[in-house]
Amino acid sequence: MRIRSMIGLWLGRATKFALKISGRSGTSLPGLVAGKVAPHLLQDLMAQLTEGVIVTGTNGKTTTTALLYAFLSEEESWLTNRGGANLHQGLLATMMSTSTLSGKLRIRKAVLEVDEATLPKITAFYHPSVILVTNVLRDQLDRYGEVDETLHLLKEGTEYPGTSLITNGDDPLAMSLGISRSELTYYYGFTQVPEVTSARADVRDGAFCLLCGEELIYDYFIYGQVGAYHCPNGHFQRPVPDFGGKYDGATKQLLVEESVSKDNQVYAIASPVKGIFNQYNLLAAISAARILGKSPATIRKGIVNYEAPTGRFQVFVGTPLRTLALVKNPTGANSVLRAMEEDAGEKVLCFAINDDDADGRDVSWLWDINIEEFLPRSFCETWICTGTRGLDMALRLAYAGVDRSKINVLDKLSQLVEETSGYVLPVYILSTYTALHPLSELLRKGVTNG
Amino acid sequence: MARTLRLVHLFPELLNLYADQGNLSVLSTRAKQRGIEVKILPVKLGTKLDFDQADLVLLGGGSDREQAIVGKELLAYRQDLLSAIDLGLPILAVCGGYQLLGEFYELPSGEKVPGLHLIDMTTHAGKNRLIGNIAIEWNTNAQGAVRTLVGFENHGGRTMHDYPPLGKVVKGFGNNGTDQKEGVQYKGIVGTYIHGPLLPKNPHLADHLIRNALRYRGYSDDLGDLDDRLEWEAHHSILNRMQIG
Ligand SMILES: [Zn+2]
């Protein structure tokens, strides 16, 4: 290890220690300090990994990483950046947490969630054994400009030999990453439409052929641009998945049919997650675990250890039962609403919408959420909006046809727990990134006090 | 007499980057609440366009790739559009759709993409994107307590023209970040970089567009009041956050 990296490592640890004694742990400051002093520290630490898995993509990274970690860590120790610290300093903090004072990694296998824009910066010095791309959907516009740019970053981060790429074959944009690769590319996808999904007017960024610009023809949509597609000019089409999935909503079982192994294994896994987009995450994690040599039996054992990360349909037990879900873009929000439709009872629905940099300062995406489609199946008693852009969300609801007298706008995030405490009905809280952790804290406290 | 308005949404499958259907939803909801019958006519690429069948046209924003496709498609209808504009056809053009009204717009690569040249306006590529909340003072004779328009802008282009602007920049960048002008108002055209989308928090501008469409169709432009408390609260909360007023 470089001297400079060593100094960086010590300074980072000193910062962490100082924060700990002043009672302010859990920030990304140690990683930031170490990274500033020692730009190659992350490289020097990652070079020691004997096995590295990177999970990236627009939506579902955190849940997929948590699921895969549960499968992998069943038999041996793995490192992970739990909770979505997926930029350079977050990755550094994760690696530093297990290194000795002399900079040796104690755990040499890692499954890491990596932000799409950070990916090519990492793969410039480290090639993982497996890279998993969940999907390529529209993200915050002012962060990336356009979807084309995200795709370009992902291409750069996946186009080199020796790494297995696992990606969503039902998503034309994610699938396109595999076209120019011949070896070590695997697709997962659903072989059965999980429910009636046709005629949904969700945002479809990938609905055009990337090669000729022609509108793609779909046999069916599952969510967003994800479904069974083909270019009318024959440039590309949904591939037959190497890992095919069928989800049975009644038994909550995911049936996996493999065509990648010689013996064409078929097995069922009990799903611990809600909503079709999360069944995709589960199928993705299973595919990666299988490529890494884990047996279905190990996966079944590992799934018991799965805990929903903060705000990924995180349930706070109590009266009322409150569920916290992160929303950061229209496709993700539509998926969360669809998962809520599985609960056909009366409910209270809250939106906590902030517009800090990490949320996306442009909230025009709220108007791409398909509230109109959700409304007749919402069974929603009260709608509560809060956050710095709570009023924008309230207007979105009003123009979607929600009765204005049922919309309640709260000035402060902190009022949300008290405001919902009188209900017996289940409460769902959809929150953007910067409101998520404060809400999670408030809900934890609110529940223990109540 | 029952009034009917036909709202033509151009190429929603391509131009919908900044949630332009939000603007459409506001126009149609506010018209319907006044007892006006609304027909929304989404026009897909390759469909024959007839501007005699439109009382208000919406041209939204898309990515550079999508905008180029739209430009080519509309070029064939340039004469039709010019005649309709002369008669006062109301057009709301946002972001990329706004740029398309001019002679050309320049891509970051330096390539100049021809526009429809419906008005004398050019757009050059800037070094950086102009991004953030924006508030302008609306250039209008319309009566009403509120004269500001608020929203969000995100554009790389610097647009120049000599027409009356939609408004004067109070905070934000506007057409080019230098001359304090935002958007354009010429005959029935309202062009702007403001999205967010534009109309939900600016109900006075939404009603102005509806009135223009009613007059264009030869109807009375009477519009009753609506309960806009939520709209104004949202409008003023942006002004407060920008420390205006
Ligand atoms: Zn094609």
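## Considerations on the overall build of chain A
A tally of helices and strands in chain A yields 16 helices and 17 strands. Over its C-alpha trace chain A gives a radius of gyration of 22 Å, about what one expects of a compact globule, namely 22 Å for 450 residues. Each principal axis of the C-alpha distribution contributes one length, and for chain A these read about 65 × 60 × 40 Å. Counting every position in chain A, which comprises 450 residues, the buried fraction comes to 59%. A sequence separation of at least 24 residues applies to 71% of the contacts in chain A between residues at least 6 apart. Across chain A, the mean location of the 43 positive side-chain charges is 9 Å away from that of the 49 negative side-chain charges.

## Quick look at the coordination of the zinc ion
Residues and elements named next belong to chain A. Only C209 (SG), C212 (SG), C231 (SG) and H235 (ND1) from the protein reach the zinc ion as donors, at distances of 2.1 to 2.3 Å. Here the zinc ion is ringed by four donor atoms whose angles at the metal span 99 to 124°, and the overall shape comes out tetrahedral. Along the chain, the residues that donate to the zinc ion are spaced as C-x2-C-x18-C-x3-H. With C209 in the loop between β6 (185-190) and β7 (217-223) and C231 in the loop between β8 (226-230) and β9 (243-248), this residue pair connects regions lying 22 residues apart in the sequence. When sorted by exposure, C209 lands in the same class as C231, which is buried.

## Section: helix α9 (residues 172-179) of chain A
Residue and element names in this part refer to chain A. With respect to burial, α9 is a largely interior element, seven of its eight residues being buried. Looking only at α9, the buried set comprises P172, L173, A174, M175, S176, L177 and G178. As for α9, its buried residues are in contact with β4 (130-133), α8 (147-158), β5 (164-168), β6, β7 and β8.

## Some words on the nonpolar core
Residues and elements named next belong to chain A. Core analysis: the biggest nonpolar cluster contains 110 residues, and L68, F71 and L349 have the highest contact counts within it. Top contributing element to this core by residue count: helix α10 (residues 276-291), with 10 residues. Taken together, domain 1 (44-303) and domain 2 (312-449) each give at least three residues to this core, which thus spans both. In this structure, F71 is in contact with L282, A285, I286, A289, T298, I299, G302 and I303, ignoring residues within four places of it in sequence.

## Remarks on the sheet that holds β6 of chain A
Residues and elements named next belong to chain A. An order of β2-β3-β1-β4-β5-β6-β9-β10-β11 is seen for the nine strands of this open sheet, with the pairing classed as mixed. The sheet is open, and its two edges are formed by β2 (79-80) and β11 (266-270), each paired on a single side. Bridge count for strand β10 (residues 253-258) against β11 is five bridges, and the pairing is antiparallel. Bridge pairing in β11 links E257 to V266. Sitting on the sheet, helix α4 (residues 61-72) touches β1 (51-56), β2, β3 (109-113) and β4, and the angle it makes with β3 is about 165°. Against the sheet, α9 engages β4, β5 and β6, with an angle of about 155° to β5.

## Things to note about the interface of chain B and chain A
Taken together, the contact between chain B and chain A spans 34 residues of the former and 25 residues of the latter. At the boundary of chain B with chain A, the tally comes to four salt bridges. Residues R404 of chain A and E231 of chain B are paired through a salt bridge, measuring 2.7 Å at the closest nitrogen-oxygen approach. The interface formed by chain B and chain A contains nine residue pairs in polar contact (both at pLDDT 80 or more). At the level of secondary structure, the elements contributing two or more residues to the side of chain B that touches chain A comprise α1 (20-32), α2 (64-75), β7 (121-138), β8 (148-161) and α6 (229-241) of chain B. A breakdown of the residues in the side of chain B that touches chain A according to their chemical character gives 12 nonpolar, 12 polar and 10 charged.

## Considering the sheet that holds strand β11 (residues 184-186) of chain B
Residues and elements named next belong to chain B. The sheet built from six strands is open, its strands ordered β2-β1-β3-β4-β12-β11 with mixed pairing. The sheet is open, and its two borders are formed by β2 (37-43) and β11, each paired with just one other strand. The sheet shows a mean angle of 15° between the axes of neighbouring strands, taken without regard to direction.

## Some points on α10 of chain A
Spanning 16 residues, α10 of chain A covers 23 Å between terminal C-alpha atoms, matching the ideal 22 Å at 1.5 Å per step. Positive phi shows up at G293 of chain A, right after α10 of chain A, with a value of about 90°.

## Details of empty space enclosed by the protein
Residues and elements named next belong to chain A. The full count for this structure, using the stated rule, is seven cavities of 30 Å³ or more. Approximately 60 Å³ is the volume found for the second largest cavity. What lines the second largest cavity is simply T62, T65, A66, Y69, T80, N81, R82, G83, E113 and P309. Of the residues forming the lining of the second largest cavity, the biggest block, four residues, is contributed by α4. Looking at the lining of the second largest cavity residue by residue, the class counts come to three nonpolar, five polar and two charged.

## Comments concerning the pattern of salt bridges
Two side chains that carry opposite charge are able to pair once their charged atoms sit near each other. Residues and elements named next belong to chain A. Scanning the model with the defined rule gives 28 salt bridges over all chains in all. Among the ionic pairs, R2 bridges to D44, the shortest N-O distance being 2.9 Å. Of the two residues, R2 is situated in the segment before α1 (3-21) and D44 in helix α3 (residues 41-46); the sequence distance between them amounts to 42 residues. Judged by its relative accessible area of 13%, D44 is buried. Of the charged contacts, one joins K246 and E257 as a salt bridge, the two residues approaching to 3.7 Å between their closest N and O atoms. Residue K246 is found in strand β9, and its partner E257 is found in strand β10; the two are separated by 11 residues along the sequence. In this structure E257 comes out as partly exposed when scored by relative accessible area, which is 28%.

## As for unusual backbone geometry
All names here are of chain A. Between T319 and P320 the backbone carries a cis peptide bond, its omega angle lying at -5°. With respect to the secondary-structure elements, P320 resides in the loop between β12 (312-316) and β13 (322-326). Despite not being glycine, L184 has its phi angle at roughly 55°, a positive value. Here L184 shows up in the loop between α9 and β6. Residues other than glycine seldom take positive phi values, yet F379 does so here, at roughly 50°. Among the structural elements, F379 can be located in the loop between α13 (371-374) and β15 (380-386).

## A short note on the environment of E106 of chain B
Residues and elements named next belong to chain B. Within the secondary structure layout, E106 lies in strand β5 (residues 104-106). Judged by relative accessible area, which is 21%, E106 ranks as partly exposed. With residues up to four places along the chain from it excluded, the contact list for E106 reads E111, K112, T123, H124 and A125. One polar contact links E106 to H124, side chain to side chain, over a distance of 3.2 Å.

Conventions adopted
- Residues numbered from 1 in each chain as written.
- Chains lettered and ligands numbered in written order.
- Predicted model: local features only at pLDDT ≥ 70, side-chain atom pairs only at ≥ 80, totals over all residues.
- Heavy atoms only, no water.
- Helix = DSSP H or I, 4+ residues; strand = E, 2+ residues; numbered from the N terminus.
- Rg over C-alpha atoms; globule rule 2.2 N^0.38 Å.
- Buried < 20%, exposed > 50% of the residue type's maximum accessible area, 1.4 Å probe, protein only.
- Contact = heavy atoms within 4.5 Å.
- Lys, Arg positive; Asp, Glu negative; His and termini not counted.
- Charge placed at Lys NZ, Arg CZ, Asp CG, Glu CD.
- Donors = N, O, S within 2.8 Å, 3.2 Å for Na, K, Ca; no water.
- Tetrahedral: all angles 85-135°; square planar, octahedral: opposite > 155°, others 65-115°.
- Core = buried A, V, L, I, M, F, W, Y, C linked by side-chain atoms within 4.5 Å.
- Domains from an automatic or database assignment.
- Pairing = 2+ DSSP bridges.
- Axes fitted to C-alpha atoms, helices over the stretch in contact; angles between N-to-C directions.
- Salt bridge = Lys/Arg side-chain N within 4 Å of Asp/Glu carboxyl O.
- Polar contact = N/O pair within 3.5 Å; in protein donor to acceptor, adjacent residues only side chain to side chain.
- Nonpolar A, V, L, I, M, F, W, Y, C, P; charged D, E, K, R; others polar.
- Expected span 1.5 Å × (residues − 1).
- 1 Å grid on protein atoms, 1.4 Å probe; cavity = no way out; pocket = protein on both sides within 12 Å on 5 of 7 lines; lining within 4 Å.
- Points joined across faces, edges and corners; volume = space filled by probe spheres on them.

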